[in-house]
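Structure at a glance
Listed below, chain by chain, are the residues.
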Amino acid sequence: MDQVPSSPQDAQSLPTCYRHPDRETGIRCTRCERPICPECMVSASVGFQCPECVRGGSGTGHAPSASAPRTLAGGTIASDPRLLTKILIGVNLLLFLVQTAVGDTFTDRFDLIGRAWVPELGTSLQGVAEGQWYRLVTSMFLHGSVTHILFNMLSLWWIGGPLEAALGRARYLTLYFASGLAGSALTYLLAEPNQPSLGASGAIFGLFGATGVLMRRLRYDMRPLIILLVINLIFTFSPMFNIAWEAHVGGLVGGVLIGYAMVHAPRERRALIQYGMCALVLAAVVIMTVLRTAQLT
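Here is a short report on the structure shown in this document. Quick caveat, the model's predicted, so the values are computed rather than measured. (Residues numbered from 1 in each chain as written. Predicted model: local features only at pLDDT ≥ 70, side-chain atom pairs only at ≥ 80, totals over all residues. Heavy atoms only, no water.)

**Overview of the nonpolar core**
The condition is simple: Residues enter a nonpolar core if they are buried and are Ala, Val, Leu, Ile, Met, Phe, Trp, Tyr or Cys, with the set joined through side-chain atoms within 4.5 Å. Categorising residues by exposure relies on relative accessible area from a 1.4 Å probe, with only protein chains included: less than 20% of the type maximum marks a residue as buried, more than 50% marks it as exposed, and the intermediate range marks it as partly exposed. Only DSSP runs of H or I with at least four residues qualify as helices, and only runs of E with at least two residues qualify as strands; both kinds are numbered from the N terminus onward. In what follows, a contact means two residues having at least one pair of non-hydrogen atoms within 4.5 Å.
Judged by nonpolar contacts, the single largest core of 45 residues is most densely connected at L156, L163, Y172, L175, Y176, L207 and I258. It is helix α7 (residues 169–190) that provides the largest number of residues to this core, a total of nine residues. Excluding residues that lie within four positions of it along the chain, Y172 makes contacts with L84, T85, L88, L156, G160, L163, E164, L167 and L207. Counting seven residues, the second largest nonpolar core, distinct from the first, contains C37, C40, C50 and C53.

This is the structure:
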């Protein structure tokens, strides 16, 4: 049975916390046996552990990362949960400045077009069907006007930031690019081959879809998101705005599929299911692109 010190001399013999030398304690870490005060104690299955042993996974047989806190989707919690969203917004803004400074020649070289003559680029045919597959990606970072980029970047900040925090950086970035490519591929497949298309809307609609899946998983009120999505779809299919609806629909479907895998995958097979679904979406992108290229050439 534990006993209290019987004299001041006994009390002075107590060790002090290794992190707070002015605090006496009778508790030791069950792993490294260093003395720890109540502020430093971390509850464990047996006894208490010091913060260093908890962070380092000491004596557990696991890597230090195994004890790191995780997001709902299994990603690592970052100190800045919006870092990638900020970088994506920065890249979009930078390229819009380049578009403004250089003019249509830059935009025509990197926007999404199936197969067409582009006078600004010479006499040869241009487009994805001519082997310029990079346009499926570069078009995701170009915009047609100040209003276009302002609306998209505000949407990216409002939707992307919380989603990045919920998924983790690697999964969030994979979702963004896979959704954007799904939107680009569907546009390439269905739109007129000489119809140029550009914008981050496909990727952002993918974030919308994944956010809806996440909110349903967490049992949040989905009415605000549904209202916002309906308003966006009304604009998408309105002929007066001349919007490439294919990019929005493709991105939304890709985002829902990937988001469902990200949020609902069982822990023991989490990475396999999550990235497996991303691979399936990318495989669909490749199939649509190859089929359309065969039609146009």
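**Some points on the packing of helix α3 (residues 83–102) against helix α6 (residues 146–167)**
Filter applied, for reference: For every element, the axis is a line fit to its C-alpha atoms; helices are fit only across the contacting stretch, and the angle between N-to-C directions ranges from 0 to 180 degrees. For classification purposes, an angle smaller than 35 degrees is called roughly parallel, one larger than 145 roughly antiparallel, one from 65 to 115 roughly perpendicular, and anything else oblique. In this scheme, a crossing is called left-handed if the near helix is turned counterclockwise away from the far one by less than a right angle; it is called right-handed if the turn is clockwise.
The interhelical angle for the contact between α3 and α6, taken along N-to-C directions, is 170°, at an axis separation of 9 Å. Classed by the angle they form, the pair α3 and α6 counts as roughly antiparallel. For α3 against α6, the interelement crossing comes out right-handed. Here L83, L84, T85, K86, L88, I89, N92, L93 and F96 of α3 lie close against α6, whose contacting residues are V146, I149, M153, L156, W157, G160, G161 and E164.

**Some remarks on the environment of F110**
Position of F110 among the secondary structure elements: in helix α4 (residues 104–110). Contact partners of F110, with chain neighbours within four places excluded, come to Y134, R135, T138, S139 and L142.

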